Amino acid sequence: MMPSSACTNLIVGKEASGGKSVFITYSADNYGTFGSMYFHRGGKHAKGEMRKIYDGDTNRHWGEIPQAEETYRVIGQMNEHQVTVCETTFGGREELCDTLGLIDYTSLMQLALERATTAREAIKIMTDLVAEYGYNSEGESF
């Protein structure tokens with residue numbers, strides 16, 4: 001049997017909540033990342049400004065990509081527009097991991113939250129970033 005690192009997500013929709021609210025929880029079930037919470041201030045950025053990319057698990061510096069003209073405030077896994085991104089690791093095939101890619105799964109979620117005002121926009125941002133800069137993580141469902 002192989003060991004497993006997994007994350008737990010719980011999503012309760014409006015009909016199930018009774019109060020017509022949506023609840024989303026995310027727990028990184030990995031002792032190495034336990035206890036940290038991401039914060040991004042948001043703001044306007046000058047043309048040519050770069051965004052450093054660090055691995056969310058190891059803090060390894062992967063490189064830089066152009067910063068968005070405007071970014072939004074992010075606390076944890078939600079931004080000021082109520083866009084939320086969570087993930088669950090499913091492993092995946094190691095040969096599909098782009099070892100030269102600049103973006104890992106944690107950075108991808110952060111970048112989407114920093115730049116998106118809707119869930120659909122977050123998906124487009126994520127797929128565009130992966131297509132342009134490569135994805136260096138294995139299997140994650142977002």
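Whatever comes next refers back to the structure up there.
Residues numbered from 1 in each chain as written. Predicted model: local features only at pLDDT ≥ 70, side-chain atom pairs only at ≥ 80, totals over all residues. Heavy atoms only, no water.

Enquirer: How should I be thinking about the layout of surface pockets in this particular structure?
Expert: Empty space among the atoms becomes visible once a probe the size of a water molecule is rolled across them. What the second largest pocket holds in volume is close to 300 Å³. Breaking the lining of the second largest pocket down by element, the ones donating at least two residues are β1 (6-12) and α3 (119-133). Looking at the lining of the second largest pocket, the element that brings in the most residues is α3, giving 6 residues. Residues belonging to the lining of the second largest pocket are distributed by class as follows: 11 nonpolar, 5 polar and 1 charged. (1 Å grid on protein atoms, 1.4 Å probe; cavity = no way out; pocket = protein on both sides within 12 Å on 5 of 7 lines; lining within 4 Å. Points joined across faces, edges and corners; volume = space filled by probe spheres on them. Helix = DSSP H or I, 4+ residues; strand = E, 2+ residues; numbered from the N terminus. Nonpolar A, V, L, I, M, F, W, Y, C, P; charged D, E, K, R; others polar.)

Enquirer: Got a minute to help me understand the packing of helix α2 (residues 105-115) against α3 in this structure?
Expert: Any two packed helices are characterised by the angle at which their axes cross and by the distance between the axes. Running from amino to carboxyl end, α2 crosses α3 at an angle of 130°, the nearest separation of the two axes being 9 Å. Here α2 is positioned oblique relative to α3, judged by the angle of their axes. In this structure, the crossing between α2 and α3 has a hand that is right-handed. When α2 is examined against α3, the residues L108, L111, A112 and R115 are found in contact with a partner set consisting of E121, A122, I125, M126, L129 and V130. The class makeup of the residues in the contact of α2 with α3 is 8 nonpolar, no polar and 2 charged. (Axes fitted to C-alpha atoms, helices over the stretch in contact; angles between N-to-C directions. Parallel < 35°, antiparallel > 145°, perpendicular 65-115°, else oblique. Left-handed = near helix turned anticlockwise from the far one by under 90°. Contact = heavy atoms within 4.5 Å.)

Enquirer: Whenever I open this one, the environment of Y38 confuses me. Can you help?
Expert: Relative to the elements of secondary structure, Y38 occurs in the loop between β2 (23-29) and β3 (39-40). Sequence separation of Y38 and G56 is 18 residues, and the distance between their C-alpha atoms is 9.9 Å. Setting aside chain neighbours within four positions, we find Y38 in contact with R51, V74, I75, G76, Q110 and E114. Within the structure, Y38 has its side chain in polar contact with the side chain of E114 (distance 2.2 Å). (Polar contact = N/O pair within 3.5 Å; in protein donor to acceptor, adjacent residues only side chain to side chain.)

Enquirer: How do you make sense of unusual backbone geometry when you look at a structure like this?
Expert: The phi torsion at K20 lies on the positive side, around 65°, for a residue other than glycine. On the secondary structure map, K20 appears in the loop between α1 (14-17) and β2. Positive phi outside glycine occurs at N59, with the angle close to 65°. By secondary structure assignment, the location of N59 is in the loop between β5 (50-54) and β6 (61-66). In this structure N59 comes out as exposed when scored by relative accessible area, which is 57%. (Buried < 20%, exposed > 50% of the residue type's maximum accessible area, 1.4 Å probe, protein only.)

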